[in-house]
Amino acid sequence: MSHAALAHPPRWLTQAQLHPQPTAAVRDWLFNGDSLTRRLTALSHDGFSVTPLQEGWQRLRNDECALLGVADGSQGWVREVYLRGHGQPWVFARSVAARSVLEGSGLNLAELGSRSLGELLFSDRAFDRGELQACRYPAAWLPQAVREERLWARRSCFSRAALGVLVAEVFLPAFWQAAGLDA
């Protein structure tokens, strides 16, 4: 299925817009502005790793184009990874940046490999993080191995001058189990 042509794209909402509200513990994971990489590293007692699934130039989804302020159908760098705790996929992350702005920005996302994009963004003080939004993520947008309906996801845009890097993170069932929470 084309990422751009989902019949019912998700409604990304701020914490104030979410109704009904998830539990306080779930909200803390969805809307905490700290580095998710650091929080997962702590939760896994340093058993954290990143597994790249795919990356390269692709047509961005319409919801991504809208948030990045580029025309629908724009090309961008797309990086999809698993954030793992003790080898288990805990979070599926999709990061995108518009080609028109990324090229010439000095940020080379292709060089990350198995390093965390979050660590890079949080260590560069030139990046400002926009407001966190959450939704129930479409199963069709997930890798087949973890495809499940109604998983909680969050996203925010990190900006440096004209460059925007949109990061979406989908919390998988193994994460909630490791965190001892019901989502």
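Scroll up to find the structure this text is about.
Everything quoted here is computed from the prediction, not taken from an experiment.

Let's talk about the packing of aromatic side chains
The relation between two aromatic rings is expressed through the spacing of the ring centres and the mutual angle of the planes. Scanning all chains against the criterion turns up nine aromatic pairs. For the pair W29 and F175, a centre-to-centre distance of 4.8 Å together with 75° between the ring planes defines the contact as edge-to-face. Of the two residues, W29 sits in helix α1 (residues 24–31) while F175 sits in helix α6 (residues 173–179), which places them 146 residues apart along the sequence. On the basis of relative accessible area, F175 is assigned to the buried category, the value being 0%. In textbook terms, an aromatic cluster arises when at least three aromatic residues are bridged by ring pairs, as seen for W29, W90, F171, F175 and W176. Looking at R61, its charged tip hangs above the ring of W141, at a distance of 3.5 Å from the centre. Lying over the aromatic face of W57, R99 brings its terminal NZ or CZ to 4.1 Å of the ring centre.

Points about unusual backbone geometry
Here the residue pair H19 and P20 is connected by a cis peptide bond, since its omega of 0° sits within 30 degrees of zero. We note that H86 has phi near 50°; this positive angle belongs to a residue other than glycine. Examined against the element boundaries, H86 turns out to sit in the loop between β2 (75–85) and β3 (88–98). Backbone geometry places R150, a non-glycine residue, at a positive phi of 65°. Of note, R150 is situated in the loop between β5 (133–137) and β6 (151–160).

Observations regarding the pattern of salt bridges
Enumeration according to the criterion identifies eleven salt bridges in this entry. The partner of D28 in a salt bridge is R39, and the shortest N-O contact between them spans 2.5 Å. Here R39 lies in helix α2 (residues 36–43) and D28 lies in helix α1, a separation of eleven residues in the sequence. For D28, a relative accessible area of 34% gives the class partly exposed. Its salt-bridge partner being D124, residue R160 comes within 3.4 Å of it at the nearest N-O pair. Placement of the pair is R160 in strand β6 and D124 in the loop between α5 (117–123) and β4 (128–129), with a sequence separation of 36 residues.

Regarding α1
Along α1, the residues that are buried comprise V26, W29, L30 and F31. Buried residues belonging to α1 abut α2, β5, β6, β7 (163–171) and α6.

Observations regarding the pairing of β7
Sheet faces and side chains relate simply in a regular strand, where the side chains alternate between the two faces. For β7, the tally of buried residues reaches nine of nine residues, placing the bulk of the element in the interior. Here β7 shows a buried face lined by L163, V165, V167, E169 and F171 and a second buried face lined by G164, L166, A168 and V170. Bridging between β6 and β7 involves eight bridges; their strand directions are antiparallel. Of the residues in β7, the one forming a bridge with S156 is V167. The hairpin turn running from β6 into β7, its antiparallel successor, is two residues long, and A161 in that turn takes a positive phi close to 55°.

Points about the side chain of E64
Looking at the secondary structure, you find E64 in helix α3 (residues 62–68). E64 gets classed as buried once you look at its relative accessible area, which sits at 3%. Here the side chain of E64 touches R61 through a polar contact of 2.9 Å, landing on its backbone nitrogen.

Side note on the state of the cysteines
For the coordinates displayed, the defined rule picks out zero disulfides. With no disulfide of its own, C135 lies 16 Å from the sulfur of C157, the closest cysteine sulfur. For C135, a relative accessible area of 3% corresponds to the buried category. With no disulfide of its own, C157 has C65 as its nearest cysteine by sulfur position, at a separation of 12 Å.

Rules of the game
- Residues numbered from 1 in each chain as written.
- Predicted model: local features only at pLDDT ≥ 70, side-chain atom pairs only at ≥ 80, totals over all residues.
- Heavy atoms only, no water.
- Phe/Tyr/Trp six-rings, centres within 6.5 Å; stacked < 30°, edge-to-face > 60°.
- Helix = DSSP H or I, 4+ residues; strand = E, 2+ residues; numbered from the N terminus.
- Buried < 20%, exposed > 50% of the residue type's maximum accessible area, 1.4 Å probe, protein only.
- Lys NZ or Arg CZ within 6 Å of the ring centre and 35° of its normal.
- Salt bridge = Lys/Arg side-chain N within 4 Å of Asp/Glu carboxyl O.
- Contact = heavy atoms within 4.5 Å.
- Pairing = 2+ DSSP bridges.
- Polar contact = N/O pair within 3.5 Å; in protein donor to acceptor, adjacent residues only side chain to side chain.
- Disulfide = S-S within 2.5 Å.

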